[in-house]
Each structure stands twice: as C-alpha cells, then as structure tokens.
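Residue-level structure breakdown
Letter by letter, the chains look like this.
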Amino acid sequence: MSSRSASWFYIVSYFVLSIFGSIHAANNCNGPLLSVLPESSFESSSTSSSSQLPHSAKLNRREGEGGWAPERSDRQPWLQLDLRQKMEVTAIATQGRSGSSDWVTSFMLLFGDSGLAWKQYGQSEDTGTYTGNTNSEGVVQHKLVHSIAARFLRFVPLDWSTTGWIGLRVEVYGCVYKSDVADFNGRSALLYRFNQKSQRTVKDVISLRFKSYGADGVLVHGEGHRGDYLTLELHHGTLALHLNLGKHNDAKLYPSSANVSVFLGCLLDDQLWHYVLVKRSNKQVNLTVDGHTRHLSTTGVEDSLEVDYELSFGGIPIPGKPGSFLRKNFHGCIENLYYNGVNIINLAKRRKLQIHSVGNVTFSCSEPQPQMVSTTFLSSSSSYLSLPLEPLGVWGLDVHFHFRTWNQEGLLFSTGLAQGSQHLVLQISRGQLHLMVHGAADVTDGLWHSVSLSYRDLMVSLVLDNEPTSTMDVQSHADSGNSVFFGGCPQYSGGCKNPTVAFQGCMRQILLNNQLMDLPRVQQGLLGNYSKLQFDICGIRNRCLPNFCEHDGRCTQSWDTFYCDCSGTGYTGETCHNSIYEASCEAHRQMGSTSGYFYIDPDGSGPLKATLVYCNMTEDKVWTVVDHNNSGFVNVTGATTKKPYVMRFNYTASLEQLRTLIGRSEHCQQEVSLHDGNKCALVVDGRPLSWWLDRSGEKQTYWGGSVPGVQQCSCSLEENCIDMNYFCNCDADTHLWVNDTGLLSYKDHLPLTEIVIGDTNRTGSAAVYRVGSLHCNGDRFLWNSASFYPGSSSLHFPKFQAELSADISLYFKTTASSGVLLENLGTADFITLKLTTPSAITFIFDVGNGPVDLTVTSPVPLNDKQWHYVRAERNLKEASLQVDQLPLHTLEAPSEGHYRLQLKSLLFIGSRQPIHSHFLTTRTPAMLLCVSTYHQQYLAIILANNGSLQIWFHLNREERAEIFTPKASSLADGQLHRVQVHREGKDLYVQVNIDQKYNLSSDLKMNTLRSLTLGKVTATSAGHAGLAEEVLRAGSKGFIGCLSSVLFNHLTPLKTAILNHGSSLVHVLGNLVESNCGALADSTTSQSTSGEFNSIDVNHVWLHNMDFIYVILLAYISPILLCRSSQALLGRMISFTAQLFSGLSRDV
C-alpha cells in the first residue's frame, strides 16, 4: 500500500531510554488508563463523520460507528490522548473500527508534556514504527521496551487497510508517574551545603533527568581550594563534563594537572527529557546520556575529588553578589536529582537546612511561553511552506524565524520583488548563510539559529542570532500581497526557484510583520500551502551518536546520513573499517618487501590499531621482532627477598596487540640470559628467589629453555649443568661467573612483562641479566586448507560477529556451477556469500529491511579450477563486493530503517538443511510441507486437529516416525506465524516464536531427495508411500490460507512455482494465487531469511518431481576450494565437494 502510505512521514528519532520504568514495572504498572478519561481528552486531526469522533476510539467500544476515522482528505491524520497528568506508560494496544474494513496496519507513537512539542518513541535504535492490525476486531498489544513518562500521546497512522480506510481504537497501560522536579528560570540555582568545610570523595554518583529550553547552561558544579572541580553543563546542545582532581601539594615534583573534559550527546536543547548518569571511582569516570556511555580516565596523582562548602545545581553563583553567576545558568526543568544517594530536590521541597535556593526555583515544570512548535522539512527536493503576505501598509517587510539543520545547502526564505522576476532569497550555501551576496558564520551545526530579516526603504537588514546587523541595498520594493516561501519553492511558483536544493531541517517561531504564523491552520489547509512537512515535531537526528566511524574516525553528518573522515587513523573505507596495513611480516614478504620496519595490523579490521615492528626477512623464516624498553645487559646488586629488584618491560606494542600477534604466529620465542657471580641463587630449598611475570601477570619460575610447571633452566633438561645437584647453573655453589641462557617459547606466557631478582645482597654477589626482544615467525592464517566431501559434511563455528560492520575475503577454485561459500542465519536476519552461476558471485544479506543482494559477473568462468579472489563487506554506509581484479561493486545502504545484523545460529561452512516458512490459516488439520526421499524417508510439518504445530521425522524405515510439538497452542488463528527448522546430525533446532532444541534418535541423512510438496498430499502421490496416518489425514486436507517465504536447503519452491508455471519441474494443482498476504511478515519479522520474495494464497499447492532439480544441482557440484586472502584476519583455504559450501569468517 505504499502508494497510499504516509511513509514519508516517518522520522526515526533517538532511542528512548529511561530508568524509572524498571521501578514501576515491579509494582504492576500495567493498568488501563483510558477508561476514566473524559471525551475532551481525545483529539484528532479530523473526523470522517459525527459518529466516528476521537472519543469513540477506546478499545472494544462499539458506540457510534465503533471507533475513530479521519477525513479521507486528511494529509497527516493523528489521534491524540491527554492523560490529564504525567503518567508512566508501559504498553499500548490498537484495534480497528468495529464491524468495518477500516484498520491501521502500521503507525508511529509520539509523546510529550504539552501537546505541542513531540518526540517519537522507538522500540530500538533503528526503528520507530509499530505493526498494527490485520482486521477490525483483533487486538495487537505492544509492551514498551522502555516506559514513557508523558501526559500526551499521539498515534500517527502510516499505513492502513487495503480494502477500507483508517480506523482506530486504542488503549494505553501504565500508572501515575511520580518524581521530584524543580524548575530553573535561567537566573536561579540550588545549593547543597556540606556539614563540614570541605568534602573529599573517591567515588561519586550523580543522576538526573533534565529538559532544557536553551543550548547552554550549568547543571552541576563544585570546586575546592586545591584546584579540584566538577562541572556538568550543556554547551551548544551537548553535555560536557569537566573534571579536575587537583594538583599535588608538591607542585614542583608533580607539576601536571589532572583536568579532563568529555562531551556526549547532541541536540539536547529540544525541550524533551534526557537522562544523565555520572559515575566516578577514583580516576575512572563514566558519563551516560540517554543510554550512550563514554569512559575516561583522569591523569595526575590524585584519586579523590575535594569540594569546598557546597555543590550548586542550575548555575554557579558568585559569592557576595546575589543574582550574579559565573557561567550561563540552566533554563529548564530537572527531576530525580541524586548526588551520592541524596535526593536534592526532595530536600529543597521540604526546606531542609542543607539546601539554599538562589533566585526563583519552583517545584513544578512550567512550559516556556510562547511555546515553540516546530515543523520539519523532510525532502531536499520538494519540501516547502507557502504563507500569504498581507498587503503592506508601508513599504516594509519583517520576517523572523528559527531554524536548525545539518545540511550545507538549502533555501530558507524567498519572496518576490515588485520589479518583475527579481526575488529576495535567503539561503544556506556551503554551510554559511547568504542573502544575495551576504555571508555569515557556519549555521549547519544542528543548533537552533534565529534569523530576523527586515526590508525598509530599499534596504535589507539581516540579523543572525545575536551577531551584528548586516545590510544591503536592493533596487525594488517588496511585492505587496504576494506569497512568501520558506524552505523551498513549489514546482510551479512563478519566479521562486530553489538556488541549489530545498531546506532539510526544522523551523519554528515564524513571524511575518510581527504576527506569529498559525501552523496548525496551515496543516488543516486553512492558511497557505505546504509540501513534505511534518508538523509539531522537529525530526532532526544526531547520526554521529553513537559514532559508527571505527578506529577513531571523525564523524560529520547531513540530514540523511553520516560521513567518516579516516585521515590519520590507518584505516580506510566508508566507516574506517579496513586497515591500510598488512596483517603480518609474512604478508609483507608476499607483497615483495625486504627487511625493515613495517606497520602490521594482526587483527585486520578488528578494534586494535596497527603497530610498528621490525621484519627480518634474511632467513628462510620471516621473523617479526618487537622491542621493549630495556634490551641490554643489566647489573643487579643489593636485592633481597623482602626488597627485590623489579624491572617492568614496556613493549612498542600493547599487550592486546602482542596477544593477537602471538596468537596469529606459528612460533614465538624470547631469549632470557642470567649471569651469576659469587652465589646468587634462583631457588633455595624449593623456594624461588627470582621469577618473572607473563603477559597475564602470572608468576612463572621456569627459565629459558625449560618448560612451564618446573623450576628449572635449560641445562637441567639438557643434563649439562655444571653441578647436576642443581637445576640451574646459577644455583650452583661456585664463585665463578656462570649463566643460564635459553628461549622462552610457550606462547600463552609470552611476552615476559616483569622480572624479579631477590638474592644479590651478599658481599661480592651480583647478577647480570638480559631479556631479549620478542621474536615470532609464521602466519597461521595464510594458505591453510580443509576438504569437504559429498553428502552433508560441514563445519560450523560460533556466530559471525557482524552486527554493524563485517568483511569477508577468500580465494576459491572449483568446477562447480554453484554453491554457498558462507552462511549465517538469525531469527530473521542472515548473511550469505555464494557462487550463483559459473561466472557470478552474489553477496546477500538482510538486516531487517528485506533481502539485499549484490552480484558481480565475471567475463570469464569462475569454475575453471583456477584461484579466484572474493571480498565482501557490509557496513552502515554501503555493501561492496570485489571479485578478482574486476571493478568494485557497491550498493548504498538506506538512511532509515534497521541497521544491526542480528545473527543467532552458528556460522556454517558446508551443506546444511534449513527450512523456513511463514503461514496464515484458520483451517485444521493442514499440511504445510512434506519432503520425501527414494528410501521412504520423509519430513512433514503439519497442523494437527487442535491447531498445534507438529514436525514429523521418519529417517529409519525400520522404526516409527519421531514427532515434535514445539507449539501446543493453536496456530490456526488467522495470524501470520513463522517456523524455522534446522538440523545438525541428531540435533534439531526449531523456532516458533522461541528457540527450542530436540534430539533425534538417528543421525541418518535424507539422501536422494525425491519430492517437496506444499499443500495437498495423498498416499498415491509420487514419493509419499509410507506416510503416517495422521500425516496423510493432514495432507488430504491440504492447506487453505497464506504461505510465504518458503525455503528448503536454499530452494525457494514458491518462487519456482510462480516464475516457472507450466514447467515440467513443478506441478500445481488447485487454485494458486500470487498475493501480498505475506507483507505482514515484513512488519513483524523484518523479512525472510533467504532470497524468497513472493507469497501466495493457497487452496492447495503440489510441487513434485523435485528429484530432477536435485539431480541438476548435484550433477554439477565437484571439488570447490576456498581460502582467505593474505589481507583477511583468518586466511584459510578450504576444499569442498559438497552440494553447498561456505568459507571462514574473520572471527573463525
């Protein structure tokens, strides 16, 4: 119904997060809220008739015509509820209009405190739409992931019945919201005074919710005499935390300061509530804003924060100067303000002595006057707002409005002049404001900017924010009585033309000649005209929070998307995902390099950055050498067991980088040399006097050349110690200089991080040691291989960690015409890389917006038994596919919708048996699917007489079939359901709403498949002899209803039936109708898990002779080899002869 949908109306807002929900949820905060509301609490954009009024929209009510319906001419319909006080809403429910063909199939939910400023509620970060109804009487309930605290709710229909119109009945569930709130007017503050002169803390917790009417203002501040301070403030709409743990008393010895600042959030001046949490433990600090957290560590020597006298909230008063403040005060409301467990506002309300008020602080949240109602300009090509310009009494014009945007280009205002085609145009160009030839500062920072334009006596004056006035002369008066345009120009508007593109952003407070424009009248069609606007809400988003630019890439944004600046990061790509460095010294040698210093990135596109190492390529083996801070010989004297000598080794790479390098290498070693003169023992009576720490900080007492777990040196294992009564030369009772030198090579312990020597305090005794650099060789992830043979052999690994970005690279060679290289499935999401034809590679994935496929076709066959390179990448900006040296194919990702790839199953390499289907029916018994083999094996999925889902497996014809019932309740309820079945040997995984696992008695494979049937099955049907009586009974009834997205082992029988109707491969009996009945699957489960795009209404469908299809598939599958490239994290070469094959992921 996209042609009738208001889908353009959809603006994804920030993910709503609140902590108060968990408190009330435990207290059964789920009561219905609408039954006690008066008729006046219900409002709407319009009504279709006097019997379809908004107060008729209560759930299950049949008064009037059984619900609310808007006028058919209503361009932006909505139903609004006034809950009469601030409530906590935990769930909502919708229903169609009783006894009609009117219902809403999808909608969005807005909430607010005033009924004028709105915010969209999103169930998750990437979607803000809700699935509605499929008929007029069914009730669809949504439990909110995070509860809403609001007085007003607005339901906005986005899509509706294809056979009728919008019809809506609703219910809201929750309870009264209770909080302690304080209102700050920009000249007030609360002071929390301590019981003593100063207070020193090593841990602090500050939590609050705020709603701001300005972009700047102090929320919390405290400071001490030694220089300590803590300030939490809004700065240009972003929350800033400034922290200084003070200077040490000895400033000469400790000259460094411990001040740090961290910024988080954006657009926080939107007059909506935001949650803040500050947690400090010593030097470790977490700042959380609306669920996003940033961590920082302070520098310097102090762990404590010392604050003198008081903490201030809302501003920083100047001592001795009442009403004066050091910084701009906060203007807005704060609620549930806690400092280290103390409820500050509650103390203030009760007038406790610890709290002192400065200025006028009230304890209810007032709305600013006049209230600023925003309008969103959605389209860069067709948005505009046209307002009539009243005849001018004098030759003058005054225009004033606020705007905010990210876009560098856009028309803000245009009006005609009296002389012909001349126009006065105010626009944004290259991020600056321009009036004809006038330029101004950057205005595309997402903040609100005010513009005042005055036209008097052939002179135009422009004021931006509080900047000085700019003027320019014009040659004509304003065209009295004409229209003025904001944001853009209509397609046919005379002389008004968009100089570049239309404005995308928000406007508010539009005044013409000092008269505030009534935008609700514009929306109702009573004033002016408009296109592609969204009223009563500012839909601007901060697309840089969280920052999806990886590896410290710098994020910038426009209205529709974000951009990553990867300069100086060592990474490239749309999201700075791909390392520009090779993964190992071995890879550098394969690129033709010789010995020298190189950057390597052992984890590839992983989170660790590249590190500089020396690559020694003079030998047959390539050695990677990592130095540390003390690689020379060191003399040690005067050490005791109580005060031992300790040396910490700092490497040129971090321990995390070294751990990855060592894990990737085939062999690593580190030489340790100990020289002893005049009895300096390592071990006495079994007690170690010297030892070293491994990379995990664990104490180790074996030495070079020995093995873990024994307190020995290499001479003991080689049986050549100078005194065989001791395990180390250094332990021998001799006055000669001796040494124990050897290699540490147990990879899990490398590198050595600290050495401790404790027996050099006796007269004349001394020790000399040397710890060499870390040396590693080999690359375990280059040019390895594994083979798979015919049948259903496979490898499986933990799920692919690919939620936001992923890259896959491999080499393969084969003679097969097709095959799956890699596959990982989720509940609805999936990712697949496969050879689709002898000359084409296809990369397919679904993150919830429907399957996306990217195909590269080679001019030469890819099944020529030669090595071919494939690299696929998917991130939030684009998907890309590279095959050999062919041009890179890319596909831009949508700016809205789902973006997280949520996988659940194992990552599969080799063949497997996935089964997937959506179905909708009210008839029982029913046959969904039946698969049979030439050996009288079968698999059947049926609905029993009571509507329960049953899965029948008959693998051994000598035994009875096994029956599994994952869902005992009836699924023949007219609702769309999804079933997914996956088998691994004896393990059977079934998903019907929830995941379940069963055990089969046999791991026999279903070989030589004969037929796959959807719908009616009889005992005389080809290949179906031996079916159990209950299966035959369901099969004889067939299936009446909707089947959608049917998948069996990568076969799509519905698509085959529709696209190959009349083919000898497919036999269809009965009434087969292609339909969009499976469209609900897209809204409830975010599309299918394979490339199945069609759905059908079915009386019964019979697809048989599938053996011919399988014969074709099997006949062309022969050995297929696959490996990872040298640039991949895990480059492995795998050989396949299975029907389906797949490659290793970067996390295998």
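Structural data are supplied above this passage.
What you see is a predicted model; the values in this text were computed from it and never measured.

The number of helices and strands found in the protein chain is 10 helices and 80 strands. When burial is assessed residue by residue, the protein chain has 58% of its 1148 residues classed as buried. In the protein chain, 70% of the contacts between residues at least 6 apart in sequence involve partners at least 24 apart. As displayed, the protein chain offers around 47400 Å² of accessible surface, 49% of which is attributable to carbon and sulfur atoms.

This part is about the state of the cysteines. This structure, assessed with the given rule, holds 10 disulfides. A sulfur-sulfur distance of 2.0 Å marks the disulfide that ties Cys-333 to Cys-365. The sign of the S-S torsion, about 95°, decides the handedness of the disulfide formed by Cys-333 and Cys-365: right-handed. With Cys-333 in strand E22 (residues 331-339) and Cys-365 in the loop between strand E24 (355-358) and strand E25 (375-377), the pair connects residues that are 32 residues apart, well separated along the chain. Overall, the relative accessible area of 0% leaves Cys-333 in the buried class. Taking relative accessible area as the criterion, Cys-365 reaches 27% and is therefore assigned partly exposed. The disulfide partner of Cys-668 is Cys-776, and the S-S distance across this bridge is 2.0 Å. The sign of the S-S torsion, about 110°, decides the handedness of the disulfide formed by Cys-668 and Cys-776: right-handed. Of this pair, Cys-668 sits in strand E48 (residues 667-677) while Cys-776 sits in strand E55 (residues 766-777); the two residues are 108 residues apart in sequence, bridging distant segments of the chain. Per residue, the accessibility class of Cys-668 equals that of Cys-776, and both read buried. Cys-266 forms no disulfide, and the closest cysteine sulfur to it belongs to Cys-544, at a distance of 8.2 Å.

The next point concerns the nonpolar core. In terms of nonpolar packing, the biggest core is built from 41 residues, with Leu-208, Phe-210, Leu-232, Leu-239, Leu-287, Phe-313 and Ile-334 touching the most fellow members. The contacts of Leu-208, once residues within four sequence positions are left out, are Val-220, Leu-232, His-274, Tyr-275, Val-276, Ile-334, Glu-335, Asn-336 and Leu-337. Grouped together as the second largest cluster of nonpolar side chains are 39 residues, Val-672, Ile-755, Tyr-769 and Val-771 included.

Regarding helix H7 (residues 1029-1037), the residues found buried are Val-1031, Ala-1034 and Gly-1035. On an axial view of H7, the arc spanned by its buried residues comes to 100°, and they lie on one face. Looking at H7, the residues exposed on the side facing more than 90 degrees away from the buried face are Glu-1029 and Lys-1037. In this structure, the buried side of H7 is in contact with strand E68 (926-933), strand E69 (938-943) and strand E70 (949-954). One or two steps after H7, the chain reaches Gly-1038, where phi turns positive at roughly 70°.

Another aspect to go through is the pairing of strand E18 (residues 292-297). Each regular strand carries side chains that alternate between the two faces of the sheet. In this sheet, E18 lies alongside strand E17 (residues 284-289) in antiparallel orientation, the contact comprising 6 bridges. What sits directly across from Asn-286, in E18, is His-295. Following E17, the chain reverses through 2 residues before pairing antiparallel with E18; Asp-290 in that reversal takes a positive phi of roughly 50°.

In this section: the sheet that holds E70. Overall, antiparallel pairing links the 5 strands, which are arranged E71-E70-E69-E68-E75 in an open sheet. Only two strands of the sheet have a single partner each, and these edge strands are strand E71 (962-967) and strand E75 (1009-1013). The mean angle between the axes of side-by-side strands here comes to 10°, regardless of whether they run parallel or antiparallel. Against the sheet, H7 engages E68, E69 and E70, with an angle of about 60° to E69.

It is worth spelling out the environment of Gln-95 at this point. By the element assignment, Gln-95 lies in strand E3 (residues 79-95). The spatial distance from the C-alpha of Gln-95 to the C-alpha of Thr-105 is 9.8 Å, given a sequence separation of 10 residues. Look past the residues within four positions of Gln-95 in its chain and what remains in contact with it is Leu-59, Asn-60, Asn-133, Ser-136, Glu-137, Gly-138, Val-139, Gly-167, Leu-168 and Arg-169. One polar contact links the side chain of Gln-95 to the main-chain amide nitrogen of Asn-60, over a distance of 2.7 Å. At a separation of 3.0 Å, a polar atom in the side chain of Gln-95 contacts the main-chain carbonyl oxygen of Glu-137.

Attention shifts here to the side chain of Ser-114. Here Ser-114 lies in the loop between strand E4 (104-112) and strand E5 (119-120). Classification of Ser-114 as buried rests on a relative accessible area of 18%. Within the structure, Ser-114 has its side chain in polar contact with the backbone nitrogen of Leu-116 (distance 3.2 Å). Among the polar contacts made by the side chain of Ser-114, one reaches the main-chain amide nitrogen of Ala-117 at a distance of 3.4 Å. Beyond its immediate chain neighbours, meaning those up to four positions away, Ser-114 contacts Phe-152, Glu-367 and Gln-371.

Right, let's get into the packing of aromatic side chains. All chains considered together, the criterion is met by 23 aromatic pairs. Residues Tyr-581 and Tyr-599 carry aromatic rings whose centres are separated by 5.2 Å and whose planes lie at 35° to one another, so their mutual orientation is tilted. Separated by 18 residues along the polypeptide, Tyr-581 in the loop between strand E42 (578-579) and helix H4 (585-590) and Tyr-599 in strand E43 (residues 596-600) bring together distant segments of the chain. Tyr-581 sits in the partly exposed class, given a relative accessible area of 31%. Assessed through its relative accessible area of 39%, Tyr-599 is described here as partly exposed.

On to unusual backbone geometry, then. Here Leu-545 and Pro-546 are connected by a cis peptide whose omega angle stands at 0°. Note that the residue after Thr-924, namely Pro-925, is joined by a cis bond; omega there is -15°. Mapped onto the elements of the fold, Pro-925 is located in the loop between strand E67 (913-921) and E68. Unusually for a residue other than glycine, Asn-282 sits at a positive phi of about 60°. With respect to the helices, strands and loops of the structure, Asn-282 is situated in the loop between strand E16 (274-281) and E17. Its relative accessible area of 31% is what places Asn-282 among the partly exposed residues. Look at Asp-884: it is not a glycine, yet its phi comes out positive at around 50°. Within the secondary structure, Asp-884 sits in the loop between strand E64 (878-883) and strand E65 (889-892).

By secondary structure assignment, the location of Leu-891 is in strand E65. When the C-alpha atoms of Leu-891 and Ala-879 are compared, they prove to be 5.2 Å apart, with 12 residues separating the residues in sequence.

Once that is clear, we can look at the sheet that holds strand E47 (residues 645-648). With antiparallel pairing, 4 strands are arranged side by side in an open sheet as E47-E54-E51-E52. Edge positions in the open sheet fall to E47 and strand E52 (699-700), since each of these has one partner strand only. Bridge analysis of E47 against strand E54 (residues 754-757) gives 4 bridges, and the strand direction is antiparallel. When the sheet's bridge partners are listed, Met-647 is paired in E54 with Ile-755.

In this section: the side chain of Thr-444. Examined against the element boundaries, Thr-444 turns out to sit in the loop between strand E30 (432-435) and strand E31 (449-456). On the accessibility criterion, Thr-444 (7% relative accessible area) is buried. Here the side chain of Thr-444 touches Gln-408 through a polar contact of 2.8 Å, side chain to side chain. Excluding residues within four positions of it along the chain, Thr-444 makes contact with Thr-405, Trp-406, Asn-407, Gln-408, Ile-428 and Gly-431.

Glancing now at the pairing of strand E26 (residues 384-388). Extensive coverage of E26 is indicated by the burial of 4 of its 5 residues. Looking at chain direction, E26 and strand E37 (residues 529-531) are connected through 3 bridges and run antiparallel. Among the inter-strand pairings, Tyr-384 is bridged to a residue of E37, identified as Ser-531.

Quick look at the pattern of salt bridges now. As enumerated under the stated definition, the model contains 31 salt bridges in all. For the salt bridge of Arg-154 with Asp-536, the shortest nitrogen-to-oxygen distance reads 2.9 Å. Taken as a pair, Arg-154 in strand E7 (residues 140-160) and Asp-536 in the loop between strand E38 (533-535) and strand E39 (554-557) lie far apart in primary sequence, 382 residues in all. In terms of burial, Arg-154 and Asp-536 fall into one category: buried.

About the criteria used
Residues numbered from 1 in each chain as written. Predicted model: local features only at pLDDT ≥ 70, side-chain atom pairs only at ≥ 80, totals over all residues. Heavy atoms only, no water. Helix = DSSP H or I, 4+ residues; strand = E, 2+ residues; numbered from the N terminus. Buried < 20%, exposed > 50% of the residue type's maximum accessible area, 1.4 Å probe, protein only. Contact = heavy atoms within 4.5 Å. Areas by Shrake-Rupley, 256 points an atom, 1.4 Å probe, with all protein chains shown as cover. Disulfide = S-S within 2.5 Å. Core = buried A, V, L, I, M, F, W, Y, C linked by side-chain atoms within 4.5 Å. Arc of directions from axis to C-beta. Pairing = 2+ DSSP bridges. Axes fitted to C-alpha atoms, helices over the stretch in contact; angles between N-to-C directions. Polar contact = N/O pair within 3.5 Å; in protein donor to acceptor, adjacent residues only side chain to side chain. Phe/Tyr/Trp six-rings, centres within 6.5 Å; stacked < 30°, edge-to-face > 60°. Salt bridge = Lys/Arg side-chain N within 4 Å of Asp/Glu carboxyl O.

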